[in-house]
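Here are the chains, one letter per residue:
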Amino acid sequence: TRHHHFVLFNVYTPNDGPWSRALPLKMSFLEALRQAMQRERALGRRVILAGDLNIQRRHLDCHWKRRMVDITTLLTVTPQLNPAVAAAAAATKAGGVDGTALECPTLLEEARRFLQDGAWEKIHSALSQRQFRKCKVKASSQNRSVEKWRVVVKGADEKDVFLGRPFESEGQARGAYDDYSVAERTVDSSTEGAGCEGGKLVARPPNQIRVDQL
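(A) A look at the overall build of the protein chain. Tallying secondary structure elements over the protein chain gives six helices and nine strands in all. If you sum the accessible surface of the protein chain, you get close to 14200 Å²; carbon and sulfur atoms cover 51% of it.

(B) Here's a closer look at the pattern of salt bridges. Scanning the model with the defined rule gives seven salt bridges in all. Close ionic contact of Arg34 with Glu31 constitutes a salt bridge, the shortest N to O distance being 2.5 Å. You can see Arg34 and its partner Glu31 sitting in helix H1 (residues 23-42), three residues apart, about one turn around the helix. Judged by its relative accessible area of 39%, Arg34 falls in the partly exposed class. A relative accessible area of 23% means that Glu31 is categorised as partly exposed. Of the charged contacts in the structure, one is a salt bridge between Glu147 and Lys134, with a shortest N-O distance of 4.0 Å. Of this pair, Glu147 sits in strand S5 (residues 144-154) while Lys134 sits in strand S4 (residues 131-139), and the two are 13 residues apart along the sequence. Residue Glu147 is classed as partly exposed on the basis of its relative accessible area of 48%.

(C) Expanded view of H1. Relative to the 28 Å expected for 20 residues at 1.5 Å per residue, H1 spans 29 Å between its end C-alpha atoms, a close match to the ideal helical length. Looking at the residues trailing H1, positive phi occurs at Gly44, about 85°.

(D) Molecular detail of the sheet that holds strand S6 (residues 160-167). An order of S4-S5-S6 is seen for the three strands of this open sheet, with the pairing classed as antiparallel. Each edge of the open sheet carries a strand with a single partner, namely S4 and S6. Averaged over all pairs of adjacent strands, the angle between strand axes in this sheet comes to 40°, irrespective of strand direction. Bridge count for S5 against S6 is five bridges, and the pairing is antiparallel. Paired with Trp149 across the bridge in S6 is Phe167.

(E) Seen up close, the environment of Ser28. Mapped onto the elements of the fold, Ser28 is located in helix H1. Put simply, Ser28 and Pro14 are 14 residues apart on the chain and 9.9 Å apart in space, counted from C-alpha to C-alpha.

(F) Representation of unusual backbone geometry in the model. Positive phi, normally seen in glycine, also occurs at Asn54, with a value near 50°. For Asn54, the location among the structural elements is in the loop between strand S2 (46-52) and strand S3 (68-70). Using a relative accessible area of 24% as the deciding quantity, one classes Asn54 as partly exposed. A positive phi angle, close to 70°, is found at Glu158, a residue other than glycine. Within the secondary structure, Glu158 is located in the loop between S5 and S6.

(G) Highlighting the side chain of Thr13. By secondary structure assignment, the location of Thr13 is in the loop between strand S1 (6-12) and H1. Of note is the side chain of Thr13, whose polar atom sits 3.3 Å from the backbone oxygen of Leu53. Contacts of Thr13, omitting those with residues within four sequence positions, involve Lys26, Phe29, Leu30, Asp52, Leu53 and Asn54.

(H) Examining the environment of Gly155 more closely. Examined against the element boundaries, Gly155 turns out to sit in the loop between S5 and S6. Each C-alpha atom of the pair Gly155 and Ile123 lies 9.1 Å from the other, and the pair is 32 residues apart in sequence.

(I) Highlighting helix H5 (residues 119-128). Those residues of H5 that fall on the buried side of the exposure criterion are Ala119, Trp120, Ala126 and Leu127. Considered in projection along H5, the buried side chains sweep an arc of 125° and stay on one side of the axis.

(J) Examining the confidence of the model for the protein chain more closely. Here the protein chain averages 75 in pLDDT, and 71% of its residues register 70 or above. Averaged over each element, pLDDT in the protein chain is lowest for helix H3 (residues 83-93) (50) and highest for S1 (96). This stretch, residues 91-102, has a pLDDT under 50; its non-local contacts, to residues over four places away or in other chains, come to eleven contacts.

The rules behind these values
Residues numbered from 1 in each chain as written. Predicted model: local features only at pLDDT ≥ 70, side-chain atom pairs only at ≥ 80, totals over all residues. Heavy atoms only, no water. Helix = DSSP H or I, 4+ residues; strand = E, 2+ residues; numbered from the N terminus. Areas by Shrake-Rupley, 256 points an atom, 1.4 Å probe, with all protein chains shown as cover. Salt bridge = Lys/Arg side-chain N within 4 Å of Asp/Glu carboxyl O. Buried < 20%, exposed > 50% of the residue type's maximum accessible area, 1.4 Å probe, protein only. Expected span 1.5 Å × (residues − 1). Pairing = 2+ DSSP bridges. Axes fitted to C-alpha atoms, helices over the stretch in contact; angles between N-to-C directions. Polar contact = N/O pair within 3.5 Å; in protein donor to acceptor, adjacent residues only side chain to side chain. Contact = heavy atoms within 4.5 Å. Arc of directions from axis to C-beta. pLDDT = per-residue confidence, 0-100.

Quick look at the structure:
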């Protein structure tokens, strides 16, 4: 909407959806939005952008448990505890503050130590071959068995290891663990203005995993 001294863009940016299938549409929308804002600025108008952008611009823009961890970086760069977090850690040990906010750096350092010496390669291999299996689980509230879907990988002893909780459907199981991005996730696109080259958009680089899944 155009106002006296400025132009207001109040938008809803499309979500890229399950498995990033709608990413080309989202990129086309953002490109069209960028061009529209540039046209208004070229006319000397001030531009205000508001709304639901469906963009995680910084890692601080989502809950720490859902932030993506790049395994390659985690294994090669030693995390640095900034002074504010270090001071909070000291206060926590003294019983001064709740330690919830410190869980993320502590967890990442523990994960870094665990994943060294070839452990990530073993996890990578297991996750690459994960299966989705229908199983009977006991419904304690109903005192009977019901069918659910589980995510299954092979452990070091070749025995089945179940990941996470039971799911109502195969689609839910696949979606919940889709962020185990052990391979590069790309989306084919010929959408004009999507900003891709060669008909391919990289939705997520390889070897990334969410903090809570790690």
